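Survey of secondary and tertiary structure
Residues per chain are reported as follows:
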Amino acid sequence: MSKVQTLRVGPDEAEQRLDRWFRKQFPHVPQGRIEKMCRKGEIRVDGGRVKSSTRVGPGQEVRIPPLPSEEDMEAQTRMPHVSKADAEMIRGCVIYKDDHIIALNKPAGLAVQGGSKTARHVDGMAAALSFDRHDTPKLVHRLDKDTSGVLVLARTPAMATALTAAFRHHGTRKIYWAMVAGVPYPKIGTIKYGLVKAPGHGKGGEGEKMHCVHPREVANTPGAKRAQTDYATLCFLGQRAAWMALVPITGRTHQLRAHMAEMGHPIVGDGKYGGSGQENMGDGWGSQLGDEISKKLHLHARSLEFEHPVTGKMIRIEADLPDHMQRSWDFLGWSENDVPNDPFDADEQWQS
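Attention in this report is confined to the structure presented alongside it.

Cut-offs used in this document
All residue numbers refer to positions counted from 1 along the written sequence of the respective chain. Side-chain atom pairs in this predicted model are given and counted only at pLDDT of 80 or more, local residue features only at pLDDT of at least 70, and totals for whole chains, interfaces and linings cover all residues. Neither water nor hydrogens contribute to the side-chain values; these are computed over all heavy atoms in the structure. DSSP calls a pair of strands paired once it identifies at least 2 bridges connecting them. For the purposes of this entry, the term helix denotes a DSSP run of H or I that reaches at least four residues, the term strand denotes a run of E that reaches at least two, and both are numbered from the N terminus. Only heavy atoms matter for contacts: two residues are in contact if any of them lie within 4.5 Å across the pair. For helices, the fitted line uses only the C-alpha atoms of the stretch in contact; every axis is such a line through C-alpha atoms, and the angle between N-to-C directions lies from 0 to 180 degrees. Aromatic pairs are defined between Phe, Tyr and Trp rings, using the six-membered ring for Trp, whenever the two ring centres lie within 6.5 Å; interplanar angles under 30 degrees are classed as stacked, those over 60 as edge-to-face, and all others as tilted. Buried, partly exposed and exposed residues are distinguished by accessible area as a fraction of the type maximum, computed with a 1.4 Å probe on protein chains only: under 20%, between the cut-offs, and over 50%, respectively. Lining residues are those with an atom within 4 Å of a point, where the points come from a 1 Å grid over the protein atoms alone and group into cavities, where a 1.4 Å probe fits but cannot get out, or pockets, open sets with protein on both sides within 12 Å along at least five of seven lines. Grid points are joined across faces, edges and corners, and a volume is the space filled by probe spheres set on the points. When a carboxyl oxygen of Asp or Glu lies within 4 Å of a side-chain nitrogen of Lys or Arg, that pair is called a salt bridge. By this rule, a helix spans an expected 1.5 Å times one less than how many residues it contains. To be clear, the arc concerns the directions from the helix axis to the C-beta atoms. For this analysis, a nonpolar core means a set of buried residues of the types Ala, Val, Leu, Ile, Met, Phe, Trp, Tyr and Cys, connected via side-chain atoms within 4.5 Å. An automatic or database domain assignment supplies the residue ranges for each domain.

1. So, the sheet that holds strand S6 (residues 61-64)
As summarised here, the arrangement of the four strands in space is S1-S6-S3-S4, forming an open sheet in which the pairing is antiparallel. Only two strands of the sheet have a single neighbouring strand rather than two, namely strand S1 (5-8) and strand S4 (48-49). Bridge analysis of S1 against S6 gives four bridges, and the strand direction is antiparallel. By the bridge assignment, Thr6 is partnered in S6 with Arg63. Where helix H1 (residues 18-25) meets the sheet, its contacts fall on S1, strand S3 (44-45) and S6, and the angle it forms with S6 comes to roughly 65°.

2. Here's the deal with the packing of aromatic side chains
In this structure the tally under the stated criterion is five aromatic pairs. Ring centres of Phe22 and Phe26 lie 5.1 Å apart, and the angle between their planes is 45°; on these two criteria the pair is classed as tilted. This pair shows no difference in class: Phe22 is buried, exactly as Phe26 is. Plain terms: the ring middles of Trp329 and Trp334 are 5.3 Å apart, the flat faces sit at 85° to each other, and that makes the pair edge-to-face. The two residues Trp329 and Trp334 agree in class, both being buried. Members of the aromatic cluster, joined through ring pairs, are Trp177, Trp243, Trp329 and Trp334.

3. Details of empty space enclosed by the protein
Picture a little ball the size of a water molecule; that probe, rolled over the atoms, points out where space is still empty. Tallied over the entire structure, the rule returns one cavity of 30 Å³ or more. The volume enclosed by the largest cavity comes to roughly 30 Å³. Taken together, His141, Leu143, Val150, Lys174, Tyr176, Ala301, Ser303 and Leu304 make up the full set of residues lining the largest cavity. Among the elements of the structure, strand S11 (172-181) and strand S19 (299-307) are those that each provide at least two residues to the lining of the largest cavity. For the lining of the largest cavity, the leading source of residues is S19, giving three residues.

4. Some remarks on the pattern of salt bridges
According to the stated counting rule, one finds twelve salt bridges in the structure shown. Where Glu15 meets Arg55, a salt bridge forms, and the shortest distance between an N and an O atom there is 3.1 Å. With Glu15 in the loop between S1 and strand S2 (16-17) and Arg55 in strand S5 (residues 55-56), the pair connects residues that are 40 residues apart, well separated along the chain. Between Arg133 and Asp99 there is a salt bridge whose closest N-O contact spans 3.6 Å.

5. Some points on helix H6 (residues 157-168)
For H6, with twelve residues, the first-to-last C-alpha span of 17 Å sits near the 16 Å given by 1.5 Å per residue. Looking at H6, one finds that the buried residues are Met159, Ala160, Leu163 and Phe167. Buried residues of H6, seen end-on, are gathered within an arc of 100° and therefore sit on one face of the element. The exposed residues of H6 that point more than 90 degrees off its buried face are Pro157, Ala158, Thr161 and Arg168. Taken together, the buried residues of H6 touch strand S8 (101-106), strand S9 (138-139), strand S10 (148-154), S11 and S19. Looking one or two residues beyond H6, the residue adopting positive phi is His170, at roughly 60°.

6. Structural notes on the pairing of S6
Covered by surrounding structure in S6 are Val62 and Ile64 only, the residues Glu61 and Arg63 on the alternate face being uncovered. Of the pairings in the sheet, the one linking S3 to S6 comprises two bridges and is antiparallel in character. Following the sheet pairing, Val45 is matched in S6 by Val62.

7. Considering helix H2 (residues 31-39)
Taken together, the buried positions of H2 are occupied by Ile34, Met37 and Cys38. Down the axis of H2, the sector holding all buried residues measures 100°, keeping them to one side. At its buried positions, H2 is contacted by H1 and S4. Just downstream of H2, Gly41 is the residue with a positive phi angle, here 75°.

8. Details of the nonpolar core
By size, the foremost hydrophobic cluster in this structure holds 32 residues, and its most contacted members are Ile90, Leu104, Leu246 and Leu299. Counting contributing residues per domain, this core is built from domain 2 (81-169) and domain 3 (173-332), each supplying no fewer than three. Aside from chain neighbours lying at most four places away, what touches Leu246 is Lys174, Ile175, Tyr176, Ala178, Thr229, Asp230, Tyr231, Leu256, Met260 and Leu299.

This is a description of form; function is not addressed.
Structure (structure tokens):
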């Protein structure tokens, strides 16, 4: 930050607007900053307050308030409105980084993008992930706010295009881990119920959710889309709860949550699809198990596998369980060492 200084408009300079003259002297200071300094009276001409449009000419003296350095301005441009605490937090979520891609283990409860009532989100913190680059990383897919796990951002526009296409055309393999109420039967299978969005009851449609539609009725149901989820039971506790691996073959909104609830096995902690009126096949009703099991949503994007668009190598990124799920796993005696990376892979010798 510089000190207060006074500059005289040179004798060879033509009369011109103050903001234009100012930008010639300090090209790294943006127009908005100049206008703000004028409004606050920090920039003065011959001792008087001025507007950015005020014209100045040879011989006039312009008071220049303390200005940030070019490096400081560049950092502010790259990291707009990201607090130090948020910047440190989001950088601490990085689990993979190369010249083209950054992957996070997104915390449960942190939204991916903003909305009318969401000011704190990954997209708004992405500038803190620029590191040595000028480009702000771009989101290429999403996770629900309460779902934790692998979230990938592209570090260049070209990579954003390539990865977005990979997600759209099913060129990635995502495996989620979840705890559900009860134990599904059969232990491994596929859910093919379609999904249709039902509006909520609030003024702005708050509370909207996806309703399942029998596969035979999808074509005759307005707005319904086909959806498919592969599932495998990894571990279970009697008939009370099960650790599931879920693979969304399609990528519909709330697909995994709606599909598991439709089976009668809502994901633990899912108030939207596992409320007190939702039957489950293990404990009777709802998605809460009590005891030491957290009431937070037990759904985690465990791994993501895809072909790197630049190197051509297969990349597999894994994210550790969030604290609330790890405590539940510890309470039930479940360990990731006891299950395969991909229970759907025929090469992995495993049975639930």
